[in-house]
Amino acid sequence: MNPDEDGAKRAVHGTLVKVLTHRRTDRGMRLEPFASRCVRAGDVHELVATDHAETSAGARIDRVAFLGFAEIAAGGVLDRGDVLWIGGRRIGVLLGFDGCHLPNHYNVLVRADPGPPRSGGELGLAPEQDLVFRQGRPPD
């Protein structure tokens, strides 16, 4: 999100469809050069927590905890800086996107707060929990 160019937007709602419980310290994801991505109703994307803060294109993301897969309820735009809430609990701030699994799904990378990142299992997440990405501000 660029506050000098972007106006208000609707929140992107979804449902957790699968909980993940593993973590890695050597994952090797790479940030896409895009600060935003459009998502469509019915899309399923993977949610991944990290403690990395770098947002430059190609930045390597190694330390991750996998949260789960989410189905998008209605089309919208996900922007770097949006805040992810699952089951009414703040999970973190959208850092960026990794496209290694495209065209199947994006890895939506979320900077966990407070760190260190915890997996969906460690957070006690459950299938069918509501989630929402609410408009935020890009990380400094």
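Keep in mind it's a predicted model, so treat the numbers as computed, not measured.

### Some details on the pattern of salt bridges
Applying the stated criterion to the full structure yields 8 salt bridges. Arg90 is the partner of Asp113 in a salt bridge, and the nearest nitrogen-oxygen pair spans 2.9 Å. Taken together, the residues span a long stretch of sequence, with Asp113 in the loop between strand E11 (107–112) and helix H1 (120–123) and Arg90 in strand E10 (residues 89–98) at a distance of 23 residues. A residue is classified by how much of its surface remains accessible, and Arg90, at 38% relative accessible area, is partly exposed. Salt bridges here are not isolated pairs; linked through shared partners, they connect Lys9, Asp79 and Asp82.

### Focus: unusual backbone geometry
The peptide bond linking Leu102 to Pro103 adopts the cis configuration, its omega dihedral lying at 10°. Residue placement: Pro103 occurs in the loop between E10 and E11. Even without being a glycine, Glu128 presents a positive backbone phi close to 80°. Structurally, Glu128 can be placed in the loop between H1 and strand E12 (130–134). Glu128 sits in the exposed class, given a relative accessible area of 60%.

### Quick notes on the pairing of E11
Two faces belong to every sheet, and in a regular strand the side chains alternate between them. Where burial is concerned, most of E11 is hidden: 5 out of the 6 residues are buried. Where strand E5 (residues 44–50) lies against E11, 5 bridges are found, and the strand directions are parallel. Across the sheet, Ala49 pairs through a bridge with Val110, a residue of E11. Summarising the sheet, E10 and E11 pair through 6 bridges and their orientation is antiparallel. Along E11, the bridge assignment pairs Leu94 with Val110.

### Concerning the nonpolar core
The tendency in soluble globular proteins is for nonpolar side chains to be buried side by side. With 23 residues, the main nonpolar core has Leu47, Leu67, Leu78, Leu84, Val108, Leu131 and Phe133 as its most contacted residues. When contributions to this core are tallied by element, the ones reaching two or more residues are strand E1 (12–19), E5, strand E7 (64–72), strand E9 (83–86), E10, E11 and E12.

Reading guide: rules and limits
- Residues numbered from 1 in each chain as written.
- Predicted model: local features only at pLDDT ≥ 70, side-chain atom pairs only at ≥ 80, totals over all residues.
- Heavy atoms only, no water.
- Salt bridge = Lys/Arg side-chain N within 4 Å of Asp/Glu carboxyl O.
- Helix = DSSP H or I, 4+ residues; strand = E, 2+ residues; numbered from the N terminus.
- Buried < 20%, exposed > 50% of the residue type's maximum accessible area, 1.4 Å probe, protein only.
- Pairing = 2+ DSSP bridges.
- Core = buried A, V, L, I, M, F, W, Y, C linked by side-chain atoms within 4.5 Å.

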